[in-house]
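Breakdown of the fold
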Amino acid sequence: MKIVGISGSLTPRSKTFITVEKALNFAEKSEHNVETELINLRDYHLQFCDGRDPSTYEGDTKQLIDKIVEADALIVGSPIYRGSISGALKNVFDLIPNDSLRGKVIGFIATGGTYHHYLAIEHQLKPLAGYFKAHVIPGNVYAHNQHFENKQLVDKEIITRLKELGETVVTFHDRLNREAVGAHQPSIPRKSLLDS
Amino acid sequence: MTHEKVMKTFEPEQKDDSVTITITITKGGIYLKMKIVLEDFQSYKQERMRVMSEIVILSGSPSESSRSDLVLKYIGSLLKKEGFIVTHISIRDVPHEALFYGKFNDPAIENVASLIQGAKGVVVGSPVYKAAYSGVLKALLDLLPQDVLQGTPVLPLMTGGSPSHLLAIEYTLKPLLATLKGQNLKGVYLLDSQIDKRQIDNPIVQNEILDRLKKQLYYFVETVNRQKNAVL
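Residues numbered from 1 in each chain as written. Chains lettered and ligands numbered in written order. Predicted model: local features only at pLDDT ≥ 70, side-chain atom pairs only at ≥ 80, totals over all residues. Heavy atoms only, no water.

In the nomenclature of an unreviewed UniProt entry, chain A corresponds to NAD(P)H-dependent oxidoreductase from the organism Terrihalobacillus insolitus.

Okay, structure coming up:
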């Protein structure tokens with residue numbers, strides 16, 4: 001099983017990167033057949049989604065799309081900016097094919113300055129999983145400034161919950177094995193004005 | 001040229017239904033006397049008062065000793081000081097039968113609807129239950145006309161036990177008020193711990209949040225007044 005983690009922050013050594021990395025490590029340790037890869041958006045030179053066929057992107061953008069398409073399950077982390085997902089991470093969701101997350105399991109992590117934007121996961125991240133017909137594991141992790149010291153995650157409860165999140169992603173994928181995909185949705189034909 | 005003194009006298013005389021103002025200007029031996037009578041002054045005053053305001057404060061808390069209720073009462077007292085006529089409505093005052101069985105033509109529901117429709121501004125408060133507004137507030141709003149807040153500035157307010165639910169105001173209460181065509185203001189989220197139930201006259205115990213509330217209230221009053229002046 002391949003689990004891909006995505007850190008949706010562009011900040012060096014971000015809270016988002018630290019928490020996603022931690023959850024991914026716990027997932028990898030929980031079973032022998034788990035392989036993980038952490039995608040730090042800071043390391044990728046991505047194009048902005050411009051509505052073209054996803055298969056025609058090149059370079060880093062193509063690499064990132066391929067990694068997400070090939071993943072069995074994902075752990076996605078976003079910093080919360082203005083009460084919502086980071087623009088950089090939203091661009092990733094815009095780039096990937098509509099069926100690329102279908103039936104896959106996602107664990108969500110969000111980070112912020114205080115607990116005030118906790119509900120952004122419920123109202124901004126989860127609807128995206130809904131669009132892609134992915135399974136979101138119950139229980140998210142939201143970490144904020146007070147859970148960190150000297151650029152390290154120190155809060156024991158948050159660490160425990162990241163472990164639970166990582167392990168649940170593995171368990172969920174084991175049980176579902178991408179077989180529960182739900183009702184098919186009408187397809188959205190891609191049509192550019194140039195084609196008409 | 002000698003400086004001649006000009007004398008002016010101004011004598012208002014108020015009766016029940018009129019005001020007479022007599023102005024006398026005297027210069028040298030000549031005087032000019034003017035009398036202005038404002039008739040039907042009382043009804044003018046009443047009409048002015050009616051147009052003047054009417055803020056409805058709606059509480060969505062079912063609890064008998066509610067923190068959000070206390071804050072709304074406090075907001076009411078501040079608005080009264082600003083010269084507004086304030087009406088408090090609590091979902092506790094609406095018959096349970098009407099809410100539970102969806103009786104939209106119940107006189108109590110119609111009364112609430114007409115009060116809100118006639119309001120120049122509305123404050124809506126709710127406690128946070130399960131990361132959203134209270135069910136009973138929704139039960140009441142479900143029974144009101146779909147455009148009950150048309151063109152009305154609305155100040156949303158929520159109280160919750162944890163800072164984690166701050167966004168409930170953005171994702172649950174505001175969309176609901178927007179559906180009823182209200183003009184949402186930023187709103188205020190208060191923590192239970194910032195409200196002292198024993199201090200009825202001034203229940204907000206933290207200065208930072210009190211300042212924020214007053215600032216939002218100031219924006220609300222400003223918006224209400226601006227709209228009122230545009231109408232007059």
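And the narrative resumes.
1. With respect to the overall build of chain B
Test applied: The way it works is that DSSP assigns letters per residue, a run of H or I at least four long becomes a helix, a run of E at least two long becomes a strand, and they are numbered from the N terminus. Burial classification: accessible surface area is computed with a 1.4 Å probe over protein chains only, and a residue below 20% of its type maximum counts as buried, one above 50% as exposed, and the rest as partly exposed. Residues are treated as being in contact if the distance between any of their heavy atoms lies within 4.5 Å. Each accessible area is a Shrake-Rupley result for a 1.4 Å probe, and residues are judged covered by the shown protein chains and nothing else.
For chain B, the count of helices and strands is 7 helices and 9 strands. The proportion of buried residues among the 232 residues of chain B is 44%. Relative to all contacts within chain B whose residues are 6 or more apart in sequence, the contacts with residues 24 or more apart total 67%. Accessible area for chain B stands at about 13,100 Å²; split by element, carbon and sulfur atoms hold 53% of it.

2. Digging into the overall build of chain A
For chain A, the count of helices and strands is 5 helices and 8 strands. When the elements of chain A are put in sequence order from the N terminus, they spell out β-α-β-α-β-α-β-α-β-β-β-β-α. With respect to the principal axes defined by its C-alpha atoms, chain A has extents near 55 × 35 × 30 Å. Residues classed as buried in chain A amount to 45% of the 196 residues present.

3. Observations concerning the nonpolar core
The following threshold applies: Remark: nonpolar core denotes a set of buried residues (Ala, Val, Leu, Ile, Met, Phe, Trp, Tyr, Cys) joined through side-chain atoms within 4.5 Å.
Counting residues in each nonpolar core, the largest one holds 67 residues, and the members touching the most others are Leu 74, Phe 93 and Leu 101 of chain A together with Ile 116 of chain B. Apart from the residues within four sequence positions on either side, Ile 116 of chain B is in contact with Val 56, Leu 58, Ile 89, Val 122, Leu 144, Val 148 and Leu 149 of chain B. Counting 25 residues, the second largest nonpolar core, distinct from the first, contains Ile 55, Ile 209, Leu 217 and Val 224 of chain B.

4. Some points on the packing of aromatic side chains
Residues and elements named next belong to chain A. What counts here: The aromatic pairing rule takes the rings of Phe, Tyr and Trp, using the six-membered ring of Trp, and pairs them if the centres are within 6.5 Å, calling planes under 30 degrees apart stacked, those over 60 edge-to-face and the rest tilted.
A full pass over the atoms with the stated rule returns 7 aromatic pairs over all chains. Aromatic pair Tyr 115 and Tyr 118: ring centres 6.3 Å apart, planes at 70°, arrangement edge-to-face. By relative accessible area, Tyr 118 is classed as partly exposed at 26%. Centroid distance Tyr 131 to Phe 132: 5.1 Å. Interplanar angle 85°. Geometry classified as edge-to-face. Note on Phe 132: relative accessible area 2%, which makes it buried. Put simply, the rings of Phe 93, Tyr 131 and Phe 132 touch in pairs and so form one group of aromatic residues.

5. Here's the deal with unusual backbone geometry
The backbone of Lys 151 of chain A sits at a positive phi, close to 60°, despite the residue not being glycine. Secondary-structure assignment places Lys 151 of chain A in the loop between strand E7 (148-149) and strand E8 (152-153). Overall, Lys 151 of chain A belongs to the exposed group, its relative accessible area being 62%. Despite not being glycine, Lys 181 of chain B shows a phi value in the positive range, around 70°. Structurally, the position occupied by Lys 181 of chain B is in the loop between helix H6 (168-179) and strand E8 (183-184). With relative accessibility at 36%, the residue Lys 181 of chain B sits in the partly exposed group.

6. A look at the UniProt feature "domain: NADPH-dependent FMN reductase-like" (unreviewed entry) in chain A
The condition that has to hold: UniProt positions are given in the numbering used here, feature names are shortened, and annotations may be inferred rather than shown by experiment.
Under the UniProt annotation, "domain: NADPH-dependent FMN reductase-like" (unreviewed entry) lies at residues 1-146 of chain A. Summarising residues 1-146 of chain A: 34% helix, 23% strand, and an end-to-end C-alpha distance of 34 Å.

7. Thoughts on a positive patch on the surface
Residue and element names in this part refer to chain A. Stated formally: The patches reported here contain residues having more than 30% relative accessible area and no salt bridge. Joining distances are 9 Å for like charges and 5 Å for nonpolar side chains (Val, Leu, Ile, Met, Phe, Trp, Tyr). The salt bridge criterion pairs a side-chain nitrogen of Lys or Arg with a carboxyl oxygen of Asp or Glu, the two atoms within 4 Å. Only four residue types enter the charge count: Lys and Arg as positive, Asp and Glu as negative, with His and the chain ends excluded. For charged residues, the charge sits on one atom: NZ in Lys, CZ in Arg, CG in Asp, CD in Glu.
Residues Arg 13, Lys 22, Lys 29 and Lys 151 make up a contiguous surface patch of positive charge. By the element assignment, Arg 13 lies in the loop between strand E1 (2-7) and helix H1 (15-30). By relative accessible area, which is 42% here, Arg 13 ends up partly exposed.

8. As for the side chain of Lys 104 of chain A
Residues and elements named next belong to chain A. Looking at the element boundaries, Lys 104 is found in the loop between helix H3 (87-95) and strand E4 (105-112). Buried and without a salt bridge, Lys 104 has Asp 72 as its closest oppositely charged side chain, separated by 6.7 Å. Not counting residues up to four positions away in its chain, the partners in contact with Lys 104 are Ile 68, Val 69, Glu 70, Ala 71, Asp 72, Leu 74, Ala 134, His 135 and Arg 178.

9. Considerations on the interface of chain A and chain B
Note the cut-off: The term buried area refers to how much accessible surface (probe radius 1.4 Å) is lost by two components on association, counted for both of them together. Pairs of N or O atoms are called polar contacts if they sit within 3.5 Å, as long as, within protein, a hydrogen donor faces a hydrogen acceptor (for residues adjacent in sequence, only side-chain-to-side-chain pairs). Three residue categories are used. Nonpolar comprises Ala, Val, Leu, Ile, Met, Phe, Trp, Tyr, Cys and Pro, charged comprises Asp, Glu, Lys and Arg, and polar comprises the others, including Gly.
The interface is formed by 9 residues belonging to chain A together with 9 residues belonging to chain B. Of the roughly 830 Å² buried between chain A and chain B on both sides combined, carbon and sulfur atoms contribute 69%. Its largest share of buried area at the contact with chain B, chain A owes to His 116, Leu 119 and His 123 of chain A, together 62% of the area lost on that side. The tally of links from chain A across to chain B stands at 0 salt bridges. Linking chain A with chain B are 2 residue pairs in polar contact (both at pLDDT 80 or more), by the criterion used here. Each residue belonging to the side of chain A that touches chain B can be placed in one class, and the counts come to 4 nonpolar, 5 polar and no charged.

10. Quick look at the environment of Leu 24 of chain A
All names here are of chain A. Following the sequence through the fold, Leu 24 ends up in helix H1. A sequence separation of 145 residues divides Leu 24 from Val 169, and the C-alpha atoms of the two residues are 9.5 Å apart. Non-local contacts of Leu 24, meaning those with residues more than four positions away in its chain, are made with Ile 3, Val 4, Gly 5, Thr 36, Glu 37, Leu 38 and Ile 75.

11. Re the packing of H1 of chain A against helix H5 (residues 156-176) of chain A
Two packed helices can be described by the angle between their axes and the distance between those axes. Residue and element names in this part refer to chain A. Applied cut-off: Structural elements are reduced to axes, namely lines fitted to C-alpha atoms, with helices fitted over the stretch in contact, and the angle between N-to-C directions of any two is expressed from 0 to 180 degrees. To sort the angles, those under 35 degrees are grouped as roughly parallel, those over 145 as roughly antiparallel, those from 65 to 115 as roughly perpendicular, and the leftovers as oblique. Less than a right angle of anticlockwise turn of the near helix away from the far helix marks a crossing as left-handed, whereas a clockwise turn marks it as right-handed.
The interhelical angle for the contact between H1 and H5, taken along N-to-C directions, is 50°, at an axis separation of 7 Å. Compared by their axis directions, H1 and H5 come out oblique. Judged by the twist between their axes, the crossing of H1 over H5 is right-handed. For the pair formed by H1 and H5, the contact residues are Thr 19, Lys 22, Ala 23, Phe 26, Ala 27 and Ser 30 on the first element and Ile 159, Leu 162, Lys 163, Leu 165, Gly 166, Glu 167 and Val 170 on the second.

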